[in-house]
Amino acid sequence: MANCQLNLFLSIYFFVVLADFQIHVAISKPQVPCYFIFGDSLFDSGNNNQLVSTVKSDYPPYGTDFPQGVTGRFTNGRTIADIIGELLGFKEYIPSYATVTDQHISQGVNYASGGSGIREETGSHMGGRISLDKQLLNHHSIVSRLFHLQQNTTFTREHLSKCIYIVNIGSNDYINNYLKPKIYTTSHMYTTNQYAKILVRQYSRQLKGLYDLGGRKIAVFGLGLIGCSPAEISIFGTEGRPCVKSINDAVRLFNNKLKPVVDELNAYNSDAKFTFINVTSISTQQGGKVLTNVPSCILRADGQCAQTTLTSPVRTISMYYDGYHPTEVSNIHTAKLSYNSTSRMDASPYDISHLVRL
Ligand SMILES: *[C@@H]1O[C@H](CO)[C@@H](O)[C@H](O)[C@H]1NC(C)=O
Ligand SMILES: *[C@@H]1O[C@H](CO)[C@@H](O)[C@H](O)[C@H]1NC(C)=O
Ligand SMILES: *[C@@H]1O[C@H](CO)[C@@H](O)[C@H](O)[C@H]1NC(C)=O
């Protein structure tokens, strides 16, 4: 008898919890109707899986901590773009351009591709990749599709203006272009300062292109400290310093020119809000939790993980999963502070939670 009452109690309790959960699900909507993602392997969620390229992560140990396992993400778990999506209230990850169907395009698309850059030739020695210009062409075709499906130009324009757009690109224009002088000519043609200038000029036009396709809330990620990545350290050496100083100096020139371009885009397009995310500032404030920069897997010669089903506990205490890409713990930190910054240096003029409300 007592047992029976307990059962009844449990099933009522369970029912209430379930009902509560359903109400919660029914009323919780993302803070913005849509979210579009552009970039390189830091944001890629599977666009390279079908390409002929050495820049692929469709094998273990990538995805070890991701609910769906191996997906083509270049880390053990979620990317920065995934975590920002969760913070925005999206219940599902934004589908990759390679797999998205008409049914889902109004909520956003992930165009990011490993190995790609601002410049068209960047990464070409590794095979197929979708450059930022090609990503914008893909976005153009998605936007046209959306106008066609929604059959109301005013509505579609308004819809696109409410979306959050994030862009993270430029690392490969250094790693897989300027810093490979035997394969690419850029370092023979330009000083680091000239190179930063032409890269940022091209990037500025591309960001304006995103605006022309209806984007009005755009977060632009600066480059991280590429000279501190295990792969670049092993190629160039550090002369006793913790990182490759010349690389970090070159990247700083890029970031220092990019931020004023973001301010300029805001000044010239008063109906849009662009913001600059300072990944360096974010990575240097880890709130007492200092991560090492030892890779969490056995590296191939090109700095990616060698295939294995074994996983290492290092991934919970290191900034790097392979020779170049951050671990999920590192991504959580970056995503949280770009969404809700603690210092004015992290995101300016707005963090992403602020961008949502503008
Ligand atoms: C088109 O969308 C606008 C904005 O949402 C709305 O006000 C208008 O009623 C729509 N027009 C039609 C014909 O549905
Ligand atoms: C990014 O943050 C770092 C560290 O706070 C700072 O030194 C640097 O000037 C910032 N970069 C830009 C472009 O604002
Ligand atoms: C940002 O973080 C602070 C605490 O660090 C919190 O009080 C605030 O609610 C957060 N804001 C948003 C928009 O999440």
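Just above sits the structure.
Here the structure is a predicted model, which means the values were calculated and not measured.

Peer 1: Got a sec to walk through the environment of Thr-186? Specific residues and values, please.
Peer 2: Relative to the helices and strands, Thr-186 is located in helix H6 (residues 186-189). On the basis of relative accessibility, which here comes to 1%, the residue Thr-186 falls in the buried class. Through-space distance from the C-alpha of Thr-186 to that of Arg-300 is 26 Å; in sequence the pair is 114 residues apart. Dropping the residues within four chain positions of it, Thr-186 is found in contact with Arg-119, Glu-121, Asn-177, Tyr-178 and Tyr-195.

Peer 1: Account for the packing of helix H5 (residues 171-178) against helix H7 (residues 192-212), naming residues and giving values.
Peer 2: Closest axis-to-axis distance for the H5/H7 pair is 11 Å, and the angle between their directions is 130°. Between H5 and H7, the interaxial angle falls into the category oblique. Between H5 and H7 the crossing geometry is right-handed. Contact with H5, carried on its side by Asp-173, Tyr-174, Asn-177 and Tyr-178, involves Thr-192, Tyr-195, Ala-196 and Leu-199 of H7 and no other residues of that element.

Peer 1: Which residues make up the pairing of strand E2 (residues 164-168), and what values do they have?
Peer 2: Within E2, 5 of the 5 residues are buried, leaving the element largely enclosed by the surrounding structure. Because side chains alternate across E2, one face comprises the buried residues Ile-164, Ile-166 and Asn-168, and the other comprises Tyr-165 and Val-167, equally buried. Sheet topology note: the strand E1 (residues 35-39)/E2 ladder contains 5 bridges and is parallel. Across the sheet, Ile-37 pairs through a bridge with Ile-166, a residue of E2. Sheet analysis places E2 next to strand E3 (residues 217-221), joined by 3 bridges and oriented parallel.

Peer 1: Provide a residue-level description of empty space enclosed by the protein, including the pertinent values.
Peer 2: Applying the stated criterion across every chain yields a total of 3 cavities of 30 Å³ or more. Of the volumes computed, that of the largest cavity is approximately 50 Å³. If you trace the largest cavity, you find it lined by Tyr-35, Ile-37, Ala-81, Asp-82, Gly-85, Phe-90, Glu-92, Tyr-93, Ile-94 and Asn-110. Broken down by secondary-structure element, the contributors of at least two residues to the lining of the largest cavity are E1 and helix H2 (80-87). Top contributing element to the lining of the largest cavity by residue count: H2, with 3 residues. Class assignment for the residues of the lining of the largest cavity results in 6 nonpolar, 2 polar and 2 charged.

Peer 1: Explain the layout of surface pockets to me, using residue names and the numbers behind them.
Peer 2: One number sums up the size of the second largest pocket: a volume of about 240 Å³. Surrounding the second largest pocket, 14 residues form its lining, Glu-92, Tyr-93, Pro-95, His-104 and Gln-107 being those nearest its centre.

Peer 1: Got a sec to walk through the state of the cysteines? Specific residues and values, please.
Peer 2: Tallying each qualifying case throughout the model produces 3 disulfides. Across the disulfide, Cys-34 is cross-linked to Cys-163 (sulfur-sulfur distance 2.0 Å). Of note, the bridge from Cys-34 to Cys-163 carries an S-S torsion of about -75° and is left-handed in sense. Here Cys-34, found in the loop between helix H1 (2-27) and E1, pairs with Cys-163, found in the loop between helix H4 (153-162) and E2; they are 129 residues apart in sequence, far enough to count as distant. For Cys-34, a relative accessible area of 0% puts it in the buried group. Residue Cys-163 is classed as buried on the basis of its relative accessible area, which comes to 0%. Cys-228 shares a disulfide with Cys-243; S-S distance 2.1 Å.

Peer 1: So what's going on with the nonpolar core? Residues and values would help.
Peer 2: If you look at the biggest cluster of nonpolar residues, it comprises 49 residues, and the most contacted ones within it are Phe-36, Phe-38, Tyr-174, Tyr-203 and Phe-254. Among the secondary structure elements, those contributing two or more residues to this core are E1, helix H3 (132-150), E2, H5, H7, E3, helix H9 (245-268) and strand E4 (273-277). Take this core: its biggest share by element is 9 residues, from H7. Sequence-distant contacts of Tyr-203, defined by excluding residues within four places in its chain, comprise Ile-118, Leu-132, Val-167, Asn-168, Ile-169, Val-220, Phe-221, Phe-254 and Leu-258. Ile-37, Ile-277, Ala-335 and Ala-347 belong to the second-largest nonpolar core, a separate cluster that totals 27 residues.

Peer 1: I'd like to hear about unusual backbone geometry, residue by residue, with values.
Peer 2: A cis amide bond links Pro-60 to the next residue, Pro-61, at an omega of 15°. Phi is positive for Gln-151, close to 55°, though the residue is something other than glycine. Counting through the fold element by element, Gln-151 comes out in the loop between H3 and H4. For Gln-151, a relative accessible area of 62% gives the class exposed. In this model, Glu-239 sits at a positive phi of 50°, which is unusual for a non-glycine residue. Checked against the element boundaries, Glu-239 lands in the loop between helix H8 (230-236) and H9.

Cut-offs applied
- Counting restarts for each chain: residues are numbered from 1 in the order of the written sequence.
- Chain letters and ligand numbers both follow the written order, the letters beginning at A and the numbers at 1.
- Totals for whole chains, interfaces and linings use all residues, but because this is a predicted model, local features are given only for residues with pLDDT of at least 70 and pairs of side-chain atoms are given and counted only at 80 or more.
- For the side-chain quantities, the full set of heavy atoms in the structure was used; hydrogens and water were omitted.
- Here a strand is any run of E in DSSP of at least two residues, a helix any run of H or I of at least four, and the numbering for each starts at the N terminus.
- Think of it in three bands: residues with accessible area under 20% of the maximum for their type are buried, residues over 50% are exposed, and the middle band is partly exposed, with areas taken using a 1.4 Å probe on protein chains only.
- We call two residues in contact whenever any of their non-hydrogen atoms come within 4.5 Å of each other.
- Angles here are taken between N-to-C directions and fall from 0 to 180 degrees, while the axes themselves are lines fitted to C-alpha atoms, restricted in helices to the stretch in contact.
- Roughly parallel here means an angle under 35 degrees, roughly antiparallel means over 145, roughly perpendicular means 65 to 115, and every remaining angle is called oblique.
- In this scheme the crossing of two helices becomes right-handed for a clockwise turn of the near helix relative to the far one and left-handed for an anticlockwise turn of less than a right angle.
- Should DSSP find at least two bridges between two strands, the strands are regarded as paired.
- Lining residues are defined by having an atom within 4 Å of a point belonging to a cavity or pocket. Those points lie on a 1 Å grid over the protein atoms alone, cavities being sets where a 1.4 Å probe fits but cannot get out and pockets being open sets with protein on both sides within 12 Å along at least five of seven lines.
- Grid points are joined across faces, edges and corners, and a volume is the space filled by probe spheres set on the points.
- Put simply, Ala, Val, Leu, Ile, Met, Phe, Trp, Tyr, Cys and Pro go in the nonpolar bin, Asp, Glu, Lys and Arg in the charged bin, and everything else, Gly too, in the polar bin.
- Disulfide assignment relies on a single distance test, namely cysteine sulfur atoms paired within 2.5 Å.
- In this description, a nonpolar core means a group of buried Ala, Val, Leu, Ile, Met, Phe, Trp, Tyr and Cys residues linked to one another through side-chain atoms lying within 4.5 Å.

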